[in-house]
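Structural characterization, general
Chain residues, written in single-letter form:
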Amino acid sequence: MCGITAYCGNDEALPFLLQGLEKLEYRGYDSAGITILDKSLTTVKCKGRLQLLVDELEKYDLKGHVGIGHTRWATHGIPSHLNSHPHTNDKNTLSLVHNGIIENYRELKEELVNKGYHFQSETDSEVVVHLLDSYYQGNLLKAVQKVLERIEGSYALCILSTRHPDEIIVTKKDSPLVIGKTKNASVAASDIPALLAYTKEVYFIEDNEIAILKANQIHFYDQKGKEITKESSIIPYDIDAARKNGYDTFMLKEIYEQPYAIKETLRGRIQNETILFEELKNIDFLQFNKVYFVACGTAYHACLCGAQILERITHLPVLTQVASEFRYNDPIIDEHTLTIFVSQSGETADTLGALRLAKEKKASTIAITNVLGSTISRDADYVLYTCAGPEIAVASTKAYTTQLILLMLFAYYIAQELHLTVNTKAILQLQQVPWYIEKILEDACQFKEYATMLKDKHDAYFIGRSLDYASVLEGALKLKEVSYIHADAYVAGELKHGPIALIEEGSVVIAVATQPHIASKTISNIQETIARGADVILLTTNHYQVKNVENIYYLPNVEPTLQSILTAIPLQLIAYYSACIRGCDVDKPRNLAKSVTVE
Ligand code: M6R
């Protein structure tokens, strides 16, 4: 999730670009850069936060009415000066900024290198500028159209050319881009906050439409290059609300971003029925006789789910442990153990400590993280990235579901590499998960209503079995983190061994029953709580007969292994709305930090 800005107008471009980048820094901030066009192109970029770029720019006297800017959240290539945007062609006549992932960049790069193009960076984005150069024959719009026919993946692009000094070409696919019109300029950015200090009048373009921004006008074109007209819209909210994209809190925004984050995490990973993990191609999975998953908090819950699925599919012994325990419990691991460390931030002290121990014991290590260049990504032997984009709310939501989807893919990948029978239906259905999540999000008011049941409660009980147990552990964590209601999760079969003593008239029990081999047992356990006066909220599918439960939400029927991703959404929303009803500061819960870098 990078941030991009573009200005073409009658005033200086730089102030707009920089203020816009500052508003977009929440999208990612490992490096930043700008290009200003004034007869020639001047590009200045810096690794690190935007302020370093601002300091660097003091050494220049940059003037120009046309320019583009970028703040980066690395996906391909470590955060570095060379990998920072904008990227320029060899002749320095073209410059562009890109947000998204070009999936087929390797093939394109090979083709361009064979034609004599020189690459400066490790990024996927740089192929676009050289490809554009190779197609340019005097008409920039046509060259851009040809590029769009060749590139696969997601992109928002802003392009400058010295041969067309009074314009900027912008386009997008599956990546946000909004265009604005001020009295003196046409502007663009990856998100509305970057525009609001200048204008509230905006235009939205559809995937693969192209716009040419000029100081006094904007021309829009469809995919085939035919000029089209667009109506502008007026943004009804202010900058602070816009940073949250109109949502009241970052947590809610991030909950709603899950379909997109999951699509990005899956991007380029499934080809027909084959799973691709280029990064792991040197691993011979036959060498392992045991697998360990290690993480903390929400990431640990994702691991519990991933581990169960991996064990079911591969029949390899798979263990999951909380990092703070693993690192001090002298685990029995050696060079035949595969250890997997999952961390959104990649900086959690306990997880890093556990990873170092595994390395000392010669186990193979794979990190799964959301932050490129994070310590865990540098320390592990191999690394896989979730593509959730920056998660700002302390309570993890989109990081969790992207971890789940990646872990599921990973389990199927190992099965594929071990030549085991793979559930192709599940692999194909993984790609429909974003759509199913959108459907569940449409029912948000239902979960808001369930949340009212918790308004004055001190406790809540979550129950589930098998994969549903991992889901309820996460549901209970979410509820306690943001609403401060004491919540515990139990294996439903364990209720009768103790916890049921706590159930009384008015107790709230949140149950999940989605796993075909065991759901009916959980449903029986629910009856035991109802008999003792509990008010039950049940998340299930319409496969099962349920009596006496008033509050049932039917999740879409998907392959059992994928069900946990869908279950996460109602549980997140119940926690979220409970916290709101109780007046809690949802984004910054008391006593918690986003990244726990101490033991
Ligand atoms: O950055 P990490 O994934 O390593 O963080 C692990 C936990 O600290 C984190 O998941 C924490 O439990 C969240 N607050 C959960 O919402």
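If you're wondering where the values come from, they're calculated on a predicted model, not measured in any experiment.

Time to look at the nonpolar core. Generally speaking, a soluble globular protein has its nonpolar side chains buried in company with each other. Judged by nonpolar contacts, the single largest core of 98 residues is most densely connected at Phe293, Phe410 and Phe462. Considering each element in turn, this core owes the most residues, 13 residues, to helix α13 (residues 398–417). In terms of nonpolar packing, the next biggest core, distinct from the first, is built from 28 residues, Leu96, Tyr105, Leu108 and Phe119 among them.

For the rest of this paragraph, the subject is the site of the ligand. Surrounding the ligand, one finds 14 residues, the nearest of these being Ser343, Gln344, Ser345, Thr348 and Glu481. Gln344 is positioned with one of its backbone polar atoms (N or O) 2.6 Å from an oxygen atom of the ligand. The contact in question runs from an oxygen atom of the ligand to an N or O atom on the side chain of Thr348, over 2.4 Å. Within the complex, 90% of the 410 Å² of free accessible area of the ligand lies under protein. Contributing elements (two or more residues each) for the shell around the ligand: α9 (297–314) and α17 (467–483). Sort the elements by how many residues they give to the shell around the ligand and α9 lands first, with 3 residues.

The next point concerns unusual backbone geometry. Along the chain, His85 connects to Pro86 via a cis peptide bond; the corresponding omega equals -5 degrees. The phi dihedral of His315 is positive, around 60 degrees, even though this residue is not glycine. Checked against the element boundaries, His315 lands in the loop between α9 and β19 (318–322). The exposure class assigned to His315 is exposed, which follows from its relative accessible area of 67%. The backbone of Lys362 sits at a positive phi, close to 70 degrees, despite the residue not being glycine. Among the secondary structure elements, Lys362 is positioned in the loop between α11 (349–360) and β21 (364–369).

A few words on the sheet that holds strand β7 (residues 153–161). Spatially, β5-β6-β7-β8-β12-β13-β14 is the arrangement adopted by the 7 strands of the open sheet, whose pairing is antiparallel. Of all strands in the sheet, those bounded by a partner on one side alone are β5 (87–88) and β14 (227–228). In this structure, β5 lies alongside strand β6 (residues 94–102), joined through 2 bridges in antiparallel fashion. Note on β6: the bridge partner recorded for His87 is Leu96.

Here we take up the environment of Ala299. Take Ala299: it is sitting in helix α9. As for Ala299 and Asp90, which are separated by 209 residues in sequence, their C-alpha atoms are 44 Å apart. Leaving out residues up to four positions away in the same chain, Ala299 has contacts with Val342 and Gln403.

Rules behind the numbers
- Residues numbered from 1 in each chain as written.
- Predicted model: local features only at pLDDT ≥ 70, side-chain atom pairs only at ≥ 80, totals over all residues.
- Heavy atoms only, no water.
- Core = buried A, V, L, I, M, F, W, Y, C linked by side-chain atoms within 4.5 Å.
- Buried < 20%, exposed > 50% of the residue type's maximum accessible area, 1.4 Å probe, protein only.
- Helix = DSSP H or I, 4+ residues; strand = E, 2+ residues; numbered from the N terminus.
- Near = heavy atom within 4 Å.
- Polar contact = N/O pair within 3.5 Å; in protein donor to acceptor, adjacent residues only side chain to side chain.
- Areas by Shrake-Rupley, 256 points an atom, 1.4 Å probe, with all protein chains shown as cover.
- Pairing = 2+ DSSP bridges.
- Contact = heavy atoms within 4.5 Å.

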